[in-house]
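# Structure at a glance
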Amino acid sequence: MSLLVVGSVAFDSVKTSGGTADEVLGGSATYCAYAASFFGPTRIVSPVGEDMSETHLEELREHNIDVTGVRVVPGGKTLRWSGRYSDSFLERTTEDIQLNVFADYDTTLPDEYLDSEYVFLANGAPEAQRAVLEQLPDRKLAFLDTMNHWIEGSRGALDEVLGLVDGLVVNDEEARLLTGETNLLTAARRLAGFGPEIVVIKKGEHGAILVADGKPFALHAWMTEDVRDPTGAGDCFGGALMGTIAGRHDRSLATIRAGIVYGTVLASFCIEGFSLDGLRRVTMDDVERRREELLGMIRWHE
Ligand code: AMP
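Residues numbered from 1 in each chain as written. Predicted model: local features only at pLDDT ≥ 70, side-chain atom pairs only at ≥ 80, totals over all residues. Heavy atoms only, no water.

It is worth spelling out the overall build of the protein at this point. Broken down by element type, the protein carries 11 helices and 13 strands. At 18 Å, the protein has a C-alpha radius of gyration in line with the 19 Å of a compact globule built from 302 residues. C-alpha extents for the protein along the principal axes are approximately 65 × 40 × 35 Å. Evaluated residue by residue, the protein yields a buried proportion of 55% over its 302 residues. Pairs at least 24 apart in sequence give 64% of the contacts found in the protein among residues at least 6 apart. (Helix = DSSP H or I, 4+ residues; strand = E, 2+ residues; numbered from the N terminus. Rg over C-alpha atoms; globule rule 2.2 N^0.38 Å. Buried < 20%, exposed > 50% of the residue type's maximum accessible area, 1.4 Å probe, protein only. Contact = heavy atoms within 4.5 Å.)

See the structure below:
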């Protein structure tokens with residue numbers, strides 16, 4: 001398996017009803033790669049500043065992540081994001097974002113990444129997402145995630161890259177913003193019309209829907225009363241989904257649906273802590289055990 005994740009490695013400051021965290025390791029690529037690496041070796045591409053600590057990178061290395069593509073920009077500062085969640089965790093307000101080195105970076109892939117077959121373009125500038133895809137003409141499968149910041153600010157470039165990917169993973173708010181549709185099934189079908197044949201819409205605690213081969217599929221989230229910080233849950237979902245597909249080297253509908261289940265499980269660990277805290281002590285046995293519990297929540301016998 002050769003899975004490449006492109007996106008942000010960042011410092012996050014987060015306030016939730018479960019507590020606060022200040023300048024902790026975050027970023028779309030960090031969460032996505034961490035979740036993907038449960039399923040096999042994962043490569044990561046992101047610019048960071050001189051303020052990124054070696055300890056953070058070492059932690060990623062120890063979790064099966066190749067960080068050759070994490071490049072330190074001389075004199076630069078790492079992306080900073082600050083956000084606050086409502087008490088219900090349903091609404092998120094971005095209080096501040098400083099893209100810093102992420103505003104415009106060199107997307108040239110390391111030579112040893114050029115054989116990457118599976119690509120997850122986590123949240124980031126559509127121009128950079130496209131530049132990465134263009135260096136991987138022989139890729140097998142590419143998925144893309146995006147967010148309000150890019151939908152509102154870089155729509156033209158985003159539409160272009162949407163035409164180049166096989167899969168799209170967005171949340172309900174982003175799906176509505178992209179399509180102007182309120183009904184999520186209609187939105188998913190419209191999004192497929194933009195290019196990606198596999199469309200996943202995440203709905204937080206209400207789970208996720210998938211439309212692939214024109215067929216809808218839905219899964220509820222793992223139900224928990226132990227939520228501390230939802231940041232990164234969507235990225236973990238996407239990483240585990242792509243990790244499942246890459247690990248099995250199979251893009252059949254059955255495997256994509258299995259990936260939705262693993263995505264749901266990894267997202268559920270993520271929200272139990274700030275930064276990577278909810279994922280740090282998790283083993284693949286824990287993942288499999290929670291997967292069984294999740295299936296137990298939705299299975300019945302008559
Ligand atoms: P999620 O909760 O899945 O939407 O992902 C949140 C992560 O995305 C945080 O760790 C942030 O550091 C990162 N992030 C926030 N805004 C941006 C942005 N405009 N581009 C890339 N990454 C971002």
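So, about helix α8 (residues 233-248). Compared with an ideal rise of 1.5 Å per residue, which puts 16 residues at 22 Å, α8 spans 23 Å between its outermost C-alpha atoms and is within 8% of the ideal. Just downstream of α8 lies His249, where phi reads positive at about 55°. (Expected span 1.5 Å × (residues − 1).)

This brings us to the site of the ligand. Taken together, 19 residues are adjacent to the ligand, and Asp12, Gly27, Arg92, Gly232 and Asp235 come closest. Coverage of the ligand by the protein amounts to 95% of the 510 Å² it exposes when considered alone. Of all the secondary-structure elements, those providing two or more residues to the shell around the ligand are β2 (10-16), α1 (28-36), β7 (92-98), α4 (148-153) and α8. Residues of the shell around the ligand, tallied by class, amount to 7 nonpolar, 9 polar and 3 charged. (Near = heavy atom within 4 Å. Areas by Shrake-Rupley, 256 points an atom, 1.4 Å probe, with all protein chains shown as cover. Nonpolar A, V, L, I, M, F, W, Y, C, P; charged D, E, K, R; others polar.)

Attention now moves to the packing of α8 against helix α9 (residues 253-270). Running from N to C, α8 and α9 point in directions that differ by 140°, and their axes come no closer than 7 Å. Relative to α9, the element α8 lies oblique. For the crossing formed where α8 meets α9, the hand is right-handed. Here Ala233, Cys236, Phe237, Ala240, Leu241, Thr244, Ile245 and Arg248 of α8 lie close against α9, whose contacting residues are Thr255, Ile256, Ala258, Gly259, Ile260, Tyr262, Gly263, Thr264, Leu266, Ala267 and Cys270. (Axes fitted to C-alpha atoms, helices over the stretch in contact; angles between N-to-C directions. Parallel < 35°, antiparallel > 145°, perpendicular 65-115°, else oblique. Left-handed = near helix turned anticlockwise from the far one by under 90°.)

Right, let's talk about the pattern of salt bridges for a bit. Opposite charge on two side chains makes pairing possible when the charged atoms of those side chains draw close. With the rule as written, the count across this model stands at 20 salt bridges. Between Glu54 and Arg61 there is a salt bridge whose closest N-O contact spans 2.8 Å. Under the relative-accessibility criterion, Glu54 is labelled partly exposed at 47%. With relative accessibility at 35%, the residue Arg61 sits in the partly exposed group. Residue Arg290 pairs with Glu272 through a salt bridge whose shortest N-O separation is 3.0 Å. You can see Arg290 sitting in helix α11 (residues 284-298) and its partner Glu272 sitting in the loop between α9 and α10 (277-280), a full 18 residues away along the chain. By relative accessible area, Glu272 is classed as partly exposed at 21%. Salt bridges linked by common partners bring Lys15, Arg84 and Glu95 together as one network. (Salt bridge = Lys/Arg side-chain N within 4 Å of Asp/Glu carboxyl O.)

Tallied over the entire structure, the rule returns 4 aromatic pairs. Look at Phe102 and Tyr105: their rings are 5.5 Å apart centre to centre, the planes differ by 20°, and that puts the pair in the stacked class. The pair Phe102 / Tyr105 is uniform in exposure class, with both members buried. Sitting over the face of the ring of Trp222, Arg290 holds its NZ or CZ atom 3.7 Å from the ring centroid. Over the face of the ring belonging to Phe269 we find Arg290, whose NZ or CZ atom lies 3.8 Å from the ring centre. (Phe/Tyr/Trp six-rings, centres within 6.5 Å; stacked < 30°, edge-to-face > 60°. Lys NZ or Arg CZ within 6 Å of the ring centre and 35° of its normal.)

This brings us to the pairing of strand β8 (residues 118-121). Neither face of β8 is left uncovered, since the one carrying Tyr118 and Phe120 and the one carrying Val119 and Leu121 both have all their residues buried. Taken together, the 4 bridges between strand β1 (residues 3-6) and β8 define a ladder with parallel strand orientation. Bridge pairing in β8 links Leu4 to Val119. Bridge analysis of β8 against strand β9 (residues 141-145) gives 4 bridges, and the strand direction is parallel. Residue pairing for β9: Phe120 is matched across the bridge by Phe143. (Pairing = 2+ DSSP bridges.)

Mapped onto the fold, Gln129 is located in helix α3 (residues 126-134). At a separation of 3.3 Å, a polar atom in the side chain of Gln129 contacts the main-chain carbonyl oxygen of Asp145. Those residues within four positions of Gln129 in sequence are excluded, and the remaining contacts are Leu121, Ala122, Asn123, Gly124, Leu144, Asp145 and Val161. (Polar contact = N/O pair within 3.5 Å; in protein donor to acceptor, adjacent residues only side chain to side chain.)

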